[in-house]
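# Coordinates in review
Next come the chains, spelled out residue by residue.
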Amino acid sequence: MDLASGFVVGLDNGGTMNNATVLDASGTFLVDRLVEVPSRVKEGPAVAIDSLVEAMTTVLDVTGVPLSRVRGVGLDTPGPASATGVITALGSTNFSDPAWRGYDFRGALAERLQLPVVYNNDGNAAALYAHFSRYGLTASAYSSVSAIVGTGLGGGVIDGGRIIKGASGQAGELGHVHIPMEGLLAPGQPLPRCNCGFVGDAESVASLTGIELNLLPYWLSRYPDHDLHQEPPARAAKLVRGHGERGDEMARKIFEQQAMAIGRLFTVASNFTDPHTYFVGGGVVEAAPEFRDWFLATVRANTLLRAEQVEAASFSLVPDLDMAGARGAAVAAWEALV
Ligand SMILES: [Zn+2]
């Protein structure tokens, strides 16, 4: 199989919506907006596969590409799943229906479409898209690391233009890398805990969950008159960003700790794969320009690179985050075919 004059489709499967895109053989995306249909994952695998087929049909209609010219499909989903797209047997937030346990999502979609399907988790797909958006057809000559702050801390590691997947598919789980806490935590601040069971990993600080469970309880205790005392914890955690954009002192301390955590994570990365580009993504960098620039500068200031690495490396933002999953999924299928 090869791409020749064909196309690949990227399908991003999320908790509520599927987003689809089309990539041509030259590496150009044919859609520049979200093309979405409900993902219906809560109704189980059979319905979810139908919904992905509908997403594909929709995007082919939008772009006028006939199905007969589609050479392959990229699929990305939230984890946890194996490197080949088998959903974990342990059950997970997004795939709560019992029929999902141990379900070969990639294999089932390939069987249904009668096309090759390349699988990635959503963090890795977004990381691949960030890389491709920067390096395009020269992607294979470069490496990058992406840290994407959301409910958790996702992202991925790209080397030579390819996603590093590891032996079990769990490479690039950047959120669960331990980082030094000395000098990051304020005096008397408790060690932050992650849902994965680790204490003091990157996600325990640099995630919405980290704000809610670890950072906000401590910082509210230092700001007894702060108006976020009036909100329930989950809502208060979401409101911290808006406060940060408006220059609120406590919110800036919280985001400073997040930026320090990402900088320390990137320092670890600099000694593993020594990437050309460090990408930061998530709501925090889609915020007001002053806040975004301050956050990125703080990440940079806390990434300890040697002189040669400073020369070779750059810092950037993950672009088009809402489309990054589908686009990265498409790039992975494209790379497999080109
Ligand atoms: Zn963790």
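Rules of the game
- Residues numbered from 1 in each chain as written.
- Predicted model: local features only at pLDDT ≥ 70, side-chain atom pairs only at ≥ 80, totals over all residues.
- Heavy atoms only, no water.
- Axes fitted to C-alpha atoms, helices over the stretch in contact; angles between N-to-C directions.
- Helix = DSSP H or I, 4+ residues; strand = E, 2+ residues; numbered from the N terminus.
- Parallel < 35°, antiparallel > 145°, perpendicular 65-115°, else oblique.
- Contact = heavy atoms within 4.5 Å.
- Nonpolar A, V, L, I, M, F, W, Y, C, P; charged D, E, K, R; others polar.
- Left-handed = near helix turned anticlockwise from the far one by under 90°.
- Donors = N, O, S within 2.8 Å, 3.2 Å for Na, K, Ca; no water.
- Tetrahedral: all angles 85-135°; square planar, octahedral: opposite > 155°, others 65-115°.
- Buried < 20%, exposed > 50% of the residue type's maximum accessible area, 1.4 Å probe, protein only.
- Phe/Tyr/Trp six-rings, centres within 6.5 Å; stacked < 30°, edge-to-face > 60°.
- Lys NZ or Arg CZ within 6 Å of the ring centre and 35° of its normal.
- Pairing = 2+ DSSP bridges.

So, on to the packing of helix α5 (residues 233-245) against helix α6 (residues 249-272). Contact geometry of α5 with α6 gives a least axis separation of 8 Å together with a crossing angle of 110°. If you check the angle between α5 and α6, you find them roughly perpendicular. From α5, Val240, Arg241, His243, Gly244 and Glu245 reach across to α6, where they touch Ala251, Arg252, Ile254 and Phe255. For the contact of α5 with α6, the residue count by class is four nonpolar, two polar and three charged.

So, on to the packing of helix α4 (residues 208-222) against α6. For the pair α4 and α6, the least separation of the axes is 10 Å and the interaxial angle reads 135°. Regarding the angle of α4 to α6, the classification is oblique. As for the relative orientation of α4 and α6, their crossing is right-handed in sense. Between α4, through Ile211, Leu215, Leu216, Trp219 and Leu220, and α6, the contact on the second element is made entirely by Met250, Lys253, Ile254, Phe255, Gln257 and Gln258. Taken together, the residues of the contact of α4 with α6 break down into eight nonpolar, two polar and one charged.

Looking at the zinc ion, one finds its protein donor set to be His176 (ND1), Cys194 (SG), Cys196 (SG) and Asp201 (OD), positioned 1.9 to 2.3 Å from the metal centre. Each of the four donor atoms bound to the zinc ion contributes to angles spanning 104 to 116°, and the resulting shape is tetrahedral. Counting residues between consecutive donors of the zinc ion along the chain gives the motif H-x17-C-x1-C-x4-D. Separated by 18 residues along the polypeptide, histidine 176 in the loop between β8 (162-163) and α4 and cysteine 194 in the loop between β8 and α4 bring together distant segments of the chain. For cysteine 194, a relative accessible area of 10% gives the class buried.

A few words on the packing of aromatic side chains. Summed over the entire model, instances satisfying the criterion amount to 16 aromatic pairs. Centre to centre, the rings of phenylalanine 29 and phenylalanine 132 are 6.4 Å apart; their planes meet at 85°, and the pair counts as edge-to-face. With phenylalanine 29 in the loop between β2 (17-24) and β3 (36-38) and phenylalanine 132 in helix α3 (residues 122-135), this pair connects stretches of sequence that are 103 residues apart. The pair formed by phenylalanine 29 and phenylalanine 132 is uniform in burial state, with each residue classed as buried. Members of the aromatic cluster, each reached through a chain of ring pairs, are Phe29, Tyr129, Phe132 and Trp334. In this structure, arginine 327 packs its charged tip against the face of phenylalanine 29, placed 4.4 Å from the ring centre.

This paragraph deals with unusual backbone geometry. Residue proline 80 follows glycine 79 across a cis peptide bond; omega there is -5°. Relative to the helices and strands, proline 80 is located in the loop between β4 (70-77) and α2 (105-113). With a phi angle near 55°, glutamine 114 is a residue other than glycine that sits in the positive phi range. Within the element layout of this structure, glutamine 114 appears in the loop between α2 and β5 (117-121). In this structure glutamine 114 comes out as exposed when scored by relative accessible area, which is 59%. The backbone phi angle of aspartate 320 is positive, close to 45°, even though this residue is not glycine. If you trace the backbone, aspartate 320 turns up in the loop between β10 (314-317) and α9 (321-337).

The sheet built from five strands is open, its strands ordered β3-β2-β1-β4-β5 with mixed pairing. Two strands bound the open sheet, and with one partner strand each, they are β3 and β5. Here the average twist between neighbouring strands, direction ignored, is 20°. Pairing geometry for β2 and β3, over three bridges, is antiparallel. Looking at β3, one finds that asparagine 19 is bridged to glutamate 36. Relative to the sheet, helix α1 (residues 45-63) contacts β1 (7-13), β2, β3 and β4, its axis offset from that of β2 by approximately 45°.

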